[in-house]
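Read off the chains here:
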Amino acid sequence: MKNNLFLLICLVLTGMAVNAQKMPVSYDFGEKYRDRYRYSNLVAIDEDDSGGYILVRAYYQGLILKPKGYLIEKYNSDLELVSEYNYKLKGLDFVNGFLKNGQLNLLFLNYNESRGTYEYWVHTSPIINFNFKEKRLLSIASDEVSDPVGKNYYNRDFSRGFTTAILFNEDKTGFVISTHHKKGKNNKHMIHLFDTALNKKFEYDFSDEIDEKNYAFENVAFSPDLQTAYIVGKAYFKKRRFRVDERKFQYELIKVSQYGSQTQSFVDPGKYPEALYPVLIKDKLVCVGFYADRKDNRYNGIAYFDVNPNSLDIRSQKYNPFSQQFMEDKFGREEDKDIKNLVFKGVEVTDKGEIFFNAEEYFVSSGLETTGAGQRVKIERYHHNDIVSVKLDSNGTMEWARNINKTEVTQGDGAYASYSSYCKDGNTYFFICTAAENPQLINNERLIFKQGFSRNRNVFLISLDENGTMDYEKIIDQEEARLPLMVSKPLKDEAEDKMLFYAKRGSRKQLVKVDFK
């Protein structure tokens, strides 16, 4: 009898060990709440000063869906919905939103037909008692154009007369607004720097720099005092003749302050940097990204530039080719495959100066579909495919690069697609949400996560340790997560090692909190 009892206990303990969760996370589900806005997009998520959370959603109504306003939700630290506020507002193009010092700020771009101007407005309210006040940040005289803030990662259109971009740094301590207006012989490009308390730090007339090139800014870093901006972007040549093997643009780093600007270009024969990202590491300014051996948007490895933050002189540079391990991750044993369309998603710097960054294979396709009325309409599809993760040492040498295979495509809200990442103790973790039950394993060496067709979604956590060794686990089953997570729009709380996700489908919503152990 004792032997049988002992055997039973051993079997139970063995089963528990087999089923024990190996990833160092736990999770909590908030209560499910009914929601009257079926069609909406999450535009902002942040933590308030009391440990609770603020979420802002743009909602759409009507036979032909049009934006009607913004629903602001307040949750407490126990993931309970405390209150909602409906900010009814239409006719403005939302740009960004953020919480600062107990104030919710919503940034908009508006065309004022009576004045013939594009105007940046901020709508600000305390979160204790919502009462929005409006403030105009900028006004630029221009004819109205279609999609002035449209962003295309690979080609830019400067012929429309007016283009603008707004860029936040990684920590959201400030933002740059770039405005480029051209009409006839008038050609004006201005750069404005604000902190997130909405104080203008400076504005700079960049017009002298655009006689020969047009600039499409992509990423930015700021000095700690917010008196200097380091902007990376593509500089498109206007009149130069090009050889067949040349690109019509080059990547440049622009240092801007109220006292002037400096420029550093990244040009090497036979090397084409792409998607560079500026990072300030103590007294160093580093630009990391990808590079190609040809002029198109396919990539051969990782580029690293150590730049003097004062003079912008390049102190050292490295081109790290992708390893055989990386190529086998992505393509198996096949040859003559291309790596392309990579877009930066995040950068982390350790106390040792090591750099972890990740990117995603992203592109847009289009096609014609027939409606029920027999009309043919153009449909755009947004593809969020493979994840690329890279570790560089403090000198810019690549320690490893890994590829995580996945295929996702969406026509609507991209918040449910793509992924989010988190770095802790030298490990990088990736959250993906998929209807697939398990990844596909090919030749016992390549994991492929495919989209799947079920309405419910599993949440997988993929880990890369400090040596680049990959592991994965399904941490939340679709039977538990009855609502799909907006996996690419989390709130990260690195001080407490947790992430918050919003889950919604139709008229139901809830919060999901993930804690790292």
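See the structure shown above.
K.L.:
Run through the pattern of salt bridges, naming residues and quoting values.
P.N.:
All told, the structure shown has 26 salt bridges when counted by the stated rule. Between Lys271 and Asp293 there is a salt bridge, with the nearest N and O atoms lying 3.4 Å from each other. Highlighted residues: Lys271 in the loop between strand S18 (260–265) and strand S19 (272–281) and Asp293 in the loop between strand S20 (284–292) and strand S21 (301–307), separated in sequence by 22 residues. Asp293 gets classed as partly exposed once you look at its relative accessible area, which sits at 38%. Measuring nitrogen to oxygen at the nearest pair gives 3.3 Å for the salt bridge that ties Glu479 to Arg482.

K.L.:
Just give me the short version of empty space enclosed by the protein, but keep the residues and values in it.
P.N.:
Under the criterion given, the structure shown has two cavities of 30 Å³ or more. Estimates place the volume of the second largest cavity at around 30 Å³. Only strand S11 (162–168) and strand S12 (174–183) provide two or more residues apiece to the lining of the second largest cavity. Each residue belonging to the lining of the second largest cavity can be placed in one class, and the counts come to two nonpolar, three polar and one charged.

K.L.:
Which residues make up the packing of aromatic side chains, and what values do they have?
P.N.:
For the structure shown, the criterion picks out 39 aromatic pairs. Ring geometry for Tyr277 versus Phe344: centroids 5.3 Å apart, planes at 40°, classification tilted. Remark: Phe344 occurs in strand S23 (residues 342–349) and Tyr277 occurs in strand S19; sequence separation between them is 67 residues. Both residues of the pair, Tyr277 and Phe344, belong to the buried class. Three or more aromatic residues joined by ring pairs make a cluster, and in this case those are Tyr277, Phe290, Tyr299, Phe344 and Phe357. Just above the ring of Phe249 sits the side chain of Lys234; from NZ or CZ to the centre is 4.6 Å. In this structure, Lys345 packs its charged tip against the face of Tyr419, placed 5.2 Å from the ring centre.

K.L.:
An account of the nonpolar core is needed here, citing residue identities and associated values.
P.N.:
Val288, Phe290, Ile355, Phe357 and Leu392 are the most contacted members of the largest nonpolar core, which has 25 residues in total. Breaking this core down by element, the ones donating at least two residues are S19, S20, S21, helix H2 (324–331), S23, strand S24 (355–370), strand S25 (376–392) and strand S26 (398–410). The element that contributes the greatest number of residues to this core is S19, accounting for four residues. Setting aside residues up to four positions removed in sequence, Val288 forms contacts with Ala275, Leu276, Tyr277, Ala303, Tyr304, Phe344, Ile355, Phe357 and Leu392. Ranked by size, the runner-up nonpolar core spans 20 residues in total, among them Leu485, Val487, Met499 and Val512.

K.L.:
Requested: an account of the pairing of strand S7 (residues 93–100), with residues and values cited.
P.N.:
Regular strands place their side chains on alternate faces of the sheet. Summarising the sheet, S7 and strand S8 (residues 103–112) pair through seven bridges and their orientation is antiparallel. Opposite Gly97, over in S8, you have Leu106 as the bridge partner. The turn linking S7 back onto S8 is made up of two residues, and Asn101 within it adopts a positive phi angle of 55°.

Criteria and cut-off values
- Along each chain, numbering runs from 1 in the same order as the chain's sequence is written.
- Local features in this predicted model are restricted to residues whose pLDDT is 70 or higher, and side-chain atom pairs enter the listing and the counts only when it is 80 or higher, whereas totals over whole chains, interfaces and linings include all residues.
- Side-chain measures were taken over the full set of non-hydrogen atoms in the model, leaving aside hydrogen atoms and water.
- What makes a salt bridge here is a side-chain nitrogen of Lys or Arg within 4 Å of a carboxyl oxygen of Asp or Glu, nothing more.
- Starting at the N terminus, helices and strands are each numbered in turn, a helix being any DSSP run of H or I of at least four residues and a strand any DSSP run of E of at least two.
- Residue burial is assigned from relative accessible area. The probe radius is 1.4 Å, only protein chains are included, and a residue is buried under 20% of its type maximum, exposed over 50%, and partly exposed in between.
- Method remark: on a 1 Å grid restricted to protein atoms, a set of points is classed as a cavity if a 1.4 Å probe fits but cannot get out and as a pocket if it is open with protein on both sides within 12 Å along at least five of seven lines; lining residues have an atom within 4 Å of a point.
- Grid points are joined across faces, edges and corners, and a volume is the space filled by probe spheres set on the points.
- Each residue receives one of three labels: charged for Asp, Glu, Lys and Arg, nonpolar for Ala, Val, Leu, Ile, Met, Phe, Trp, Tyr, Cys and Pro, and polar for the others, Gly being one of them.
- Working definition: rings of Phe, Tyr and Trp (its six-membered ring) pair if their centres are within 6.5 Å, and the pair is stacked with planes under 30 degrees apart, edge-to-face with planes over 60 apart, and tilted otherwise.
- A ring is considered to have a charge above it if a Lys NZ or an Arg CZ atom is located within 6 Å of its centre and within 35 degrees of its normal.
- Nonpolar core, defined: a set of buried Ala, Val, Leu, Ile, Met, Phe, Trp, Tyr and Cys residues in which side-chain atoms within 4.5 Å join the residues together.
- Whether two residues are in contact is decided by their heavy atoms: any pair within 4.5 Å suffices.
- Between any two strands, at least two bridges found by DSSP are needed for them to pair.

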